[in-house]
Amino acid sequence: MTPTTTAKARMIEQRSLRFGVGANAVMALAGFAAHVASGSSALLLDGLYSGVLVGSSLIASRISRNVVRPPDRAWPYGYEGQEALYVLFRSLVLLGVIGFGLGSASSTLIDWARGGEIPALALQSVAGYTVVITLLCSLLSWRHFHDWRRTGRISLLLVTEARNARIDALITMATGIALLLTPWLAGTPLAPLAPIADALLVVAVSLVLLQEPLSAMKEAMGQAAGRAADPRILQRTREVLMQELSGLQLQMMDFTVQQLGRTAFVVVYINPLEAMDSAVIDGLRHHIDARCSQDLQQPVRSEIILTVMPPIHRPDPSLQAAP
């Protein structure tokens, strides 16, 4: 990306995240109000989920300003790792909210099993809440996905927030419909479950919500721990490097690619077959950055290391020890 394009993408990303903060704040307040009006723990969980997204959107907005900054003395390897850490932190907080919901629902189910009386729900406000919040979540998801595509499909922040909003829309709609259908259980074999329908909904919603933060946490932990990029990116990078280095008096010994947030870090190990000026190496590195960025459609930062034996393939001394 050119500096002008990067600045425009950053502005679009910032506006989208600010819109997300406002929308999630409205949904969180609506969820809490609907809980007070109806007594439904499922709607409280919905509000808490939106409340977490308010905080995560604020943090994401700050990180969005950091990740485009170049390396400096304080952060010599750049700021890209903050994006992966944000996803990891946000996933842990969501797991905490889901754990709270499961604990509350389990307590209600235990009280019911012991013969305790479960207060009836007031469902008058549920229909309006379900329609408004589902539409608002859908709008927010569309906005984030639209801005993600406008910025070159590289922002982990936007695509994460878009998926959150889409999941929230589906959960809100399903929860609202299920609550509104609760009175219809009377006179059916499921009538005894009517008092605990809300608690059962919380358990069901929590189990559905678990998949997203667990998946995001696994990916973020892999990136933060230094795991190699996925095979698709490795293959495409290999093809670009082979094209760029063909015809030069050097031998590519190996390469590595690590994905960290929106940025791919490429390290190329080469063995020059003739004397090469350092300016030539610098030019080659900048050319690899540009070509890989263009092909992978994401920011790339590369380094070139001159060696005859890449460290990853260095023989294990323990395997060569004398018997």
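This one's a predicted model, so the numbers in the text were calculated from it and none came from an experiment.

Q: Help me get a handle on the packing of aromatic side chains, residues and values and all.
A: By the definition in use, this model includes two aromatic pairs. Considering the side-chain rings of Phe145 and Trp148, the 6.1 Å spacing of their centres and the 70 degrees angle between planes classify their relative orientation as edge-to-face. Note that Phe145 and Trp148 are positioned in helix α4 (residues 126-150) at a spacing of three residues, about one turn of the helix. Here the two residues Phe145 and Trp148 agree in accessibility, since each one is buried.

Q: Outline the confidence of the model for the protein, listing residues and values.
A: On average, residues of the protein score 87 in pLDDT, and 95% of them reach the 70 mark or higher. Of all secondary-structure elements in the protein, the lowest mean pLDDT belongs to helix α2 (residues 41-66), at 86, while α4 reaches the highest, 95. Segment residues 318-323: pLDDT under 50, and one contact once partners within four positions in sequence are set aside and those in other chains are kept.

Q: Which residues make up a nonpolar patch on the surface, and what values go with them?
A: Taken together, the side chains of Leu170, Met173, Ile177, Leu181 and Trp184 present a nonpolar region at the surface, about 560 Å² in accessible area. Within the element layout of this structure, Leu181 appears in helix α5 (residues 156-181). Judged by its relative accessible area of 47%, Leu181 is partly exposed.

Q: Report on the nonpolar core, specifying residues and quantitative values.
A: Formed by 28 residues in total, the largest nonpolar core has its most connected members in Leu43, Leu179 and Leu209. Counting only elements with at least two residues in this core, the list comes to α1 (3-38), α2, α3 (81-113), α4, α5 and α6 (197-224). For this core, the element with the highest residue contribution is α2, accounting for six residues. Counting residues in each nonpolar core, the second largest holds 20 residues, with Leu245, Val257, Ile270 and Cys292 among its members.

Q: Outline the pairing of strand β2 (residues 263-272), listing residues and values.
A: The element β2 is extensively covered by neighbouring structure, given that eight of its 10 residues are classed as buried. In this structure, strand β1 (residues 250-260) lies alongside β2, joined through 10 bridges in antiparallel fashion. Counted as the bridge partner of Gln258 is Phe265 from β2. Between β1 and β2, which follow one another and run antiparallel, lie two residues, and Gly261 among them has a positive phi close to 65 degrees. Where β2 and strand β3 (residues 300-306) come together, seven bridges link them in parallel fashion. Bridging across to β3, Ile270 finds its partner in Leu306.

Q: Quick rundown of the side chain of Glu13? Include the residues and the values.
A: Mapped onto the elements, Glu13 comes out in helix α1. Overall, the relative accessible area of 2% leaves Glu13 in the buried class. For Glu13, the side chain forms a polar contact with the side chain of Ser64, separated by 2.2 Å. Those residues within four positions of Glu13 in sequence are excluded, and the remaining contacts are Ser64, Thr151, Ser155, Leu157, Leu158 and Arg262.

Reading the values: the criteria
- Residues numbered from 1 in each chain as written.
- Predicted model: local features only at pLDDT ≥ 70, side-chain atom pairs only at ≥ 80, totals over all residues.
- Heavy atoms only, no water.
- Phe/Tyr/Trp six-rings, centres within 6.5 Å; stacked < 30°, edge-to-face > 60°.
- Helix = DSSP H or I, 4+ residues; strand = E, 2+ residues; numbered from the N terminus.
- Buried < 20%, exposed > 50% of the residue type's maximum accessible area, 1.4 Å probe, protein only.
- pLDDT = per-residue confidence, 0-100.
- Contact = heavy atoms within 4.5 Å.
- Patch = residues over 30% accessible without salt bridge, like charges linked within 9 Å, V, L, I, M, F, W, Y side chains within 5 Å.
- Areas by Shrake-Rupley, 256 points an atom, 1.4 Å probe, with all protein chains shown as cover.
- Salt bridge = Lys/Arg side-chain N within 4 Å of Asp/Glu carboxyl O.
- Core = buried A, V, L, I, M, F, W, Y, C linked by side-chain atoms within 4.5 Å.
- Pairing = 2+ DSSP bridges.
- Polar contact = N/O pair within 3.5 Å; in protein donor to acceptor, adjacent residues only side chain to side chain.

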